[in-house]
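Architecture at a glance
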Amino acid sequence: MKRFEENAGGVAKSSPLVGRSAEPTIFELSSPGRSASSFRTTGITPINPEENLPKGLLRDEPLELPEVSERDLVGHYTRLASRQYSVDLGAYPLGSCTMKYNPKFADYVASMSGLSDVHPYSPAALTQGWLELIADAEEYLCEVTGMAAATFQPAAGAAGELTGLLIIGAYQRQVGSKARKIIIPDSAHGTNPASVTLGGFEVVTVPSDSRGLVDTAELAKVLDSDIAGMMMTNPNTLGLFEIEIAEIAAMVHEVGGLMYYDGANLNAVLGVSRPGDMGFDIVHSNLHKTFATPHGGGGPGSGPVAVTERLAPFLPGPRPRRVTGTDGCDTLEWFVPECSIGRVHSNHGNTVVVARALAYMLYNGSDGMRRVSDIAVLNANWLRKAISSSYEVPFGNLCMHEFVASAASIRKKTGAKALDIAKSLLGEGFHAPTVYFPLVVEEALMLEPTETESPQTLQALADALLKIASIAENEGSAPLQMQPTSTPVRRLDEAGAARHPILSYRPESS
Amino acid sequence: MELPSELRYTKDHEWVSIEGNHAKVGITDYAQDALGDIVFVQLPTLDGSVSAGESFAEVESTKSVSDIYAPVPGRVIEINSELVDSPELLNTSPYERGWICVLEMSDPAAAGELLTADSYLGLIS
């Protein structure tokens, strides 16, 4: 009897169940001629591309695609999924990322046929529901941020940053300014300087003072007519509210600069304070961080940009607007703003994400959205206090929705680094916090529990962090350096992966 | 922590070895320890002229990306190409095999402003 070799196709087993054994790549499960779908009973006749396409468009070699059955395909991804940590599985205190739970009703809304089975090229007359949905989402987003108009085209937060910077550039050109510099605090997200550079501007960094806030005396020194704008996050990446924000905005406006609000931390102030009231001119918000849509990887993303009335003519288009017809009825149409910087995405952006965000806004209502921020801030402060006996928090005694602890003294005493603590937390069944960011805190551990975790979960998380600190204290760094031991894979060689990355699959033979 | 006394240092955690009007540059043991595993080095441009304090190279670790600043003004006459494939030399041998470049100083007097091992130690402790 012929033996079938395991590596010549998928094998529907996973042993042990959550898997310590390596899962092959989808290409390694491939077996020639196998397929996950068949058009046998549809009555569609296969066409031969060689008879129907110009020769120049034909491939020289067949495309290398994995050939697997549906059964093997589902088995492969289910095994991988079962080894993955996710927001559906448990707490995810990855600071700065706001990994809040994604409610299932929003998935239901996004998968409604009336929304998901519409082609983006359908005429406006046939897609009035979609136009209304985007117009409503724009209205609510502007209400929350204190802005006048918004675009939902940017595909994610960083794309929103670039969009905002292009708007700053277009505005400065219109007013006849040649200003080319953008100010960024030293605690900013790494995307800020990257977006500034990509947008064709130069970065000017301002340091934080001993409170962890923008140093206004240092800010005054860099302000001149060459300043096109300033990018800020408020609360900032240390989880602290920039209490001098109104003064800072006035100083930047004084020299002709615009204020850009990086909405990464909007979850802390939802329904409490508004970037527009703080003096900002442009706001991007990451829908996944604030309005509970799936985070990157589970996305796609959406990073809408909202602006003041003055800047609305520069927004990307088309955008929806309400018009009253001759019959007195309101309809919606697409229009392109008069000084538009142009499209930043095909069609209208990742709109099913917008549908999820709108569902979340409507579900919570304005009072519920304020409660989201209240609980997010309360949870972060509770956790900060609960672990304060073992972990220092260098800046401030009151945080917003997240805080940055430091493992510097633990490292000094025991040799255990922030990375060892983060890896040990994986072993305790929680996702790790963000480590080594922001750069202004040594051995940083950035924790953001979000509003969706219960007091019991917060207690368990605090207990796990205290247990890890006490192991370091009593037994030194060695037991932590071995962690994690209870995950499907143990500690990965991150440096090796960065030094010698293997970026795509190649069959061994080639 | 290793801190050879014959070298000179900067507040930005670079070491400088002066020989005549040549200055060999690298990052200190303290810097490599703080950065963690270094995974990529952007070397200075060969033959490029730099002023003191100018960012002229970059090191990337698993934690962050950091600028390397020219400690003295001059022209880059040699770069350590070994770092392209083996950036880990900055971790394993910061003062020997992990050197970054050699500058031909345009103003050798500028070297007088560099820190001694003792004053650098005072800065980091």
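Residues numbered from 1 in each chain as written. Chains lettered and ligands numbered in written order. Predicted model: local features only at pLDDT ≥ 70, side-chain atom pairs only at ≥ 80, totals over all residues. Heavy atoms only, no water.

Structural notes on the overall build of chain B
Counting its secondary structure elements, chain B contains four helices and nine strands. For chain B, the sequential pattern of α-helices and β-strands runs β-β-β-α-β-β-β-β-β-α-α-β-α. A globule of 125 residues ought to have a C-alpha radius of gyration of about 14 Å, and chain B, at 13 Å, matches this closely. Here the C-alpha coordinates of chain B stretch approximately 35 × 35 × 20 Å along the principal axes. The buried share of chain B, taken over its 125 residues, is 47%. A separation of at least 24 residues holds for 60% of the contacts in chain B among residues at least 6 apart in sequence. One way to put it: in chain B the 6 positive side-chain charges average out to a point 2 Å from where the 22 negative ones average out. (Helix = DSSP H or I, 4+ residues; strand = E, 2+ residues; numbered from the N terminus. Rg over C-alpha atoms; globule rule 2.2 N^0.38 Å. Buried < 20%, exposed > 50% of the residue type's maximum accessible area, 1.4 Å probe, protein only. Contact = heavy atoms within 4.5 Å. Lys, Arg positive; Asp, Glu negative; His and termini not counted. Charge placed at Lys NZ, Arg CZ, Asp CG, Glu CD.)

Some words on the packing of helix 12 (residues 351-386) of chain A against helix 15 (residues 455-475) of chain A
Axes are the key here: two packed helices are described by the angle between their axes and the distance separating the axes. Residue and element names in this part refer to chain A. Put simply, helix 12 and helix 15 touch, their axes get as near as 9 Å, and they point 30 degrees apart. Classed by the angle they form, the pair helix 12 and helix 15 counts as roughly parallel. Crossing geometry of helix 12 relative to helix 15 is assigned as right-handed. Taken together, the residues of helix 15 that come into contact with helix 12 (itself represented by Asn379, Trp382, Leu383 and Ala386) are Leu458, Gln459, Leu461, Ala462 and Leu466. For the contact of helix 12 with helix 15, the per-class residue count stands at seven nonpolar, two polar and no charged. (Axes fitted to C-alpha atoms, helices over the stretch in contact; angles between N-to-C directions. Parallel < 35°, antiparallel > 145°, perpendicular 65-115°, else oblique. Left-handed = near helix turned anticlockwise from the far one by under 90°. Nonpolar A, V, L, I, M, F, W, Y, C, P; charged D, E, K, R; others polar.)

Digging into the domain arrangement of chain A
All names here are of chain A. Domain boundaries assigned for chain A yield domain 1 (105-363) and domain 2 (371-495). Contacts between the two partners involve 24 residues from domain 1 and, on the opposite side, 19 residues from domain 2. Buried area between domain 1 and domain 2, summed over both chains or domains, comes out near 1,500 Å², and the portion from carbon and sulfur atoms is 62%. At the boundary of domain 1 with domain 2, the tally comes to zero salt bridges. The interface formed by domain 1 and domain 2 contains five residue pairs in polar contact (both at pLDDT 80 or more). Looking at side-chain class alone, the side of domain 1 that touches domain 2 contains eleven nonpolar, ten polar and three charged residues. (Domains from an automatic or database assignment. Buried area = accessible area lost by both parts, 1.4 Å probe. Salt bridge = Lys/Arg side-chain N within 4 Å of Asp/Glu carboxyl O. Polar contact = N/O pair within 3.5 Å; in protein donor to acceptor, adjacent residues only side chain to side chain.)

Regarding helix 7 (residues 191-198) of chain A
All names here are of chain A. Buried within helix 7 are the following residues: Asn192, Ser195 and Val196. Along the axis of helix 7, the buried positions cluster into a sector of 100 degrees, meaning they face one direction only. Those residues of helix 7 that are exposed and aimed more than 90 degrees away from the buried face are Thr197 and Leu198. Lining the buried residues of helix 7 we find helix 6 (157-174), strand 2 (181-185), strand 3 (202-206), strand 4 (227-232) and strand 5 (258-262). Positive phi appears at Gly200, one or two residues downstream of helix 7, with a value of about 90 degrees. (Arc of directions from axis to C-beta.)

Things to note about the interface of chain A and chain B
With nine residues of chain A at the interface, the matching set in chain B holds eleven residues. Counting the surface lost from both chain A and chain B, the interface buries some 760 Å², and carbon and sulfur atoms represent 55% of this. Considering only the surface of chain A that becomes buried against chain B, Arg411, Tyr436 and Arg499 of chain A emerge as the three largest contributors, covering 57% of it. Applying the counting rule to chain A against chain B returns three salt bridges.

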